[in-house]
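Architecture at a glance
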Amino acid sequence: DAGITQSPRHKVTETGTPVTLRCHQTENHRYMYWYRQDPGHGLRLIHYSYGVKDTDKGEVSDGYSVSRSKTEDFLLTLESATSSQTSVYFCAISAGTPRRETQYFGPGTRLLVL
Amino acid sequence: QKEVEQNSGPLSVPEGAIASLNCTYSDRGSQSFFWYRQYSGKSPELIMSIYSNGDKEDGRFTAQLNKASQYVSLLIRDSQPSDSATYLCAVFQGGSEKLVFGKGTKLTVNP
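In this report, we go over the structure that sits alongside the text. (Residues numbered from 1 in each chain as written. Chains lettered and ligands numbered in written order. Predicted model: local features only at pLDDT ≥ 70, side-chain atom pairs only at ≥ 80, totals over all residues. Heavy atoms only, no water.)

**Details of the overall build of chain A**
In terms of regular secondary structure, chain A is built from zero helices and 11 strands. For chain A, the α and β elements follow one another from N to C terminus as β-β-β-β-β-β-β-β-β-β-β. The C-alpha atoms of chain A give 13 Å as radius of gyration, which agrees with the globular expectation for 114 residues (13 Å, within 12%). With the principal axes as the frame, chain A shows a C-alpha extent of 40 × 30 × 25 Å. Counting every position in chain A, which comprises 114 residues, the buried fraction comes to 49%. The contacts in chain A between residues at least 6 apart in sequence include a share of 54% that link residues at least 24 apart. Here chain A displays about 5,600 Å² of accessible surface, and carbon together with sulfur accounts for 49% of that area. Placing the 13 positive and 12 negative side-chain charges of chain A at their respective mean positions leaves the two points 2 Å apart. (Helix = DSSP H or I, 4+ residues; strand = E, 2+ residues; numbered from the N terminus. Rg over C-alpha atoms; globule rule 2.2 N^0.38 Å. Buried < 20%, exposed > 50% of the residue type's maximum accessible area, 1.4 Å probe, protein only. Contact = heavy atoms within 4.5 Å. Areas by Shrake-Rupley, 256 points an atom, 1.4 Å probe, with all protein chains shown as cover. Lys, Arg positive; Asp, Glu negative; His and termini not counted. Charge placed at Lys NZ, Arg CZ, Asp CG, Glu CD.)

Okay, structure coming up:
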């Protein structure tokens with residue numbers, strides 16, 4: 001599992017509530033990613049990080065922010081959750097030799113916004 | 001965004017048969033190609049990576065890459081019920097430095 005944990009694993013919240021999801025890795029990987037997975041859309045990149053305090057937007061970043069104050073932790077925040085953000089959220093890390101990097105995924109967080 | 005397309009499925013094969021999963025991609029600059037397996041309710045799990053034209057075999061799995069045709073496939077020989085899952089094709093796009101996923105093909109292997 002590449003030493004990746006996500007918390008919480010399941011969360012139910014209400015529209016308008018802020019939500020923070022945590023991804024923790026134990027192997028000092030530089031690159032970390034947040035994806036969401038929805039039926040009919042597959043996996044879509046929300047934000048990624050290439051180092052402490054270095055982050056960038058992905059394909060579906062609106063409504064999400066991220067922070068990375070330590071190598072091992074990458075936080076995803078929904079400032080004001082909406083029902084359209086109901087999804088399964090996966091964190092991933094990138095590992096391997098240059099030009100042969102591969103992404104490995106955490107166990108996921110199921111988020112339901114009522 | 002450059003796209004990754006997979007045959008829509010679902011795909012159903014009998015136990016012991018060969019399952020063939022296909023994927024096309026639009027970014028000609030792509031260099032790295034991956035197949036992930038995802039069981040229902042679980043996270044994607046890497047099963048194959050391929051970087052050069054031709055075939056790459058690992059046990060019952062064979063990945064095939066044809067960069068000229070922008071096509072990558074996964075063959076599963078002697079399919080087992082435990083192979084029933086959704087298979088995701090992923091392409092690392094050199095220009096954007098991002099991994100782009102297809103929507104997946106659901107495979108069912110019938111005993």
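Okay, back to it.
**Things to note about a nonpolar patch on the surface**
Together, V12(A), L112(A) and L114(A) make up a nonpolar patch on the protein surface, roughly 290 Å² of accessible area in all. The exposure class assigned to L114(A) is exposed, which follows from its relative accessible area of 59%. (Patch = residues over 30% accessible without salt bridge, like charges linked within 9 Å, V, L, I, M, F, W, Y side chains within 5 Å. Salt bridge = Lys/Arg side-chain N within 4 Å of Asp/Glu carboxyl O.)

**Points about the pattern of salt bridges**
Residue and element names in this part refer to chain A. Taken as a whole and assessed by the stated rule, the structure comprises seven salt bridges over all chains. When the shortest N-O distance is used, the salt bridge between D38 and R44 registers 3.0 Å. For D38, a relative accessible area of 11% gives the class buried. Judged by relative accessible area, R44 falls into the buried class, the value being 16%.

**What about the layout of surface pockets?**
Of the pockets and cavities examined, the largest pocket occupies roughly 720 Å³. If you trace the largest pocket, you find 33 residues lining it, with Q37(A), Q38(B), S40(B), G41(B) and T86(B) closest to the centre. Looking at the lining of the largest pocket, the elements with two or more residues in it are strand 4 (32-38), strand 9 (87-95) and strand 11 (109-113) of chain A together with strand 9 (85-93) and strand 11 (105-110) of chain B. A total of four residues in the lining of the largest pocket trace back to one element, the largest contributor, which is strand 11 of chain B. (1 Å grid on protein atoms, 1.4 Å probe; cavity = no way out; pocket = protein on both sides within 12 Å on 5 of 7 lines; lining within 4 Å. Points joined across faces, edges and corners; volume = space filled by probe spheres on them.)

**Observations concerning the pairing of strand 4 of chain A**
All names here are of chain A. Strand 4 sits mainly inside the fold: seven of its seven residues count as buried. Along strand 4, one buried face is formed by M32, W34, R36 and D38 and the opposite face, lined by Y33, Y35 and Q37, is buried too. With seven bridges connecting them, strand 4 and strand 5 (residues 42-51) associate as antiparallel partners. By the bridge assignment, Y35 is partnered in strand 5 with L45. Looking at chain direction, strand 4 and strand 9 are connected through six bridges and run antiparallel. (Pairing = 2+ DSSP bridges.)

**Points about the nonpolar core**
Generally speaking, nonpolar side chains in soluble globular proteins are found buried as a group. Formed by 24 residues in total, the largest nonpolar core has its most connected members in W35(B), V72(B), L74(B), I76(B) and Y87(B). For this core, the secondary-structure elements that each account for two or more residues are strand 3 (19-25), strand 4 (32-38), strand 5 (45-50), strand 7 (61-66), strand 8 (71-76), strand 9 and strand 11 of chain B. One finds C91(A), A95(A), L111(A) and V113(A) within the second-largest nonpolar core, a separate group that totals 20 residues. (Core = buried A, V, L, I, M, F, W, Y, C linked by side-chain atoms within 4.5 Å.)

**Points about the sheet that holds strand 6 (residues 54-58) of chain B**
Residue and element names in this part refer to chain B. Within the open sheet, the five strands sit side by side as 1-3-8-7-6. Their pairing is antiparallel. In the strand order of this sheet, the two ends are held by strand 1 (4-6) and strand 6, each with one partner. When the angles between neighbouring strand axes are averaged without regard to direction, this sheet yields 20 degrees. (Axes fitted to C-alpha atoms, helices over the stretch in contact; angles between N-to-C directions.)

**Quick notes on the state of the cysteines**
Residues and elements named next belong to chain A. Applying the stated rule across the entire model yields two disulfides over all chains. Residue C23 pairs covalently with C91 via a disulfide, S to S 1.9 Å. Looking down the S-S bond of the C23 and C91 bridge, the torsion is -70 degrees, so its handedness is left-handed. Taken as a pair, C23 in strand 3 (residues 19-25) and C91 in strand 9 lie far apart in primary sequence, 68 residues in all. (Disulfide = S-S within 2.5 Å.)

**A closer look at the sheet that holds strand 8 (residues 73-78) of chain A**
All names here are of chain A. Reading across the sheet, the four strands line up as 1-3-8-7 and stay open at both edges, with antiparallel pairing between neighbours. If you trace the sheet from one side to the other, it starts and ends with strand 1 (4-7) and strand 7 (64-70), each paired once. Averaged over all adjacent pairs, the angle separating strand axes in this sheet is 20 degrees, with direction ignored. Pairing between strand 7 and strand 8: five bridges, direction antiparallel. Bridge assignment links K70 to a residue of strand 8, and that residue is D73.

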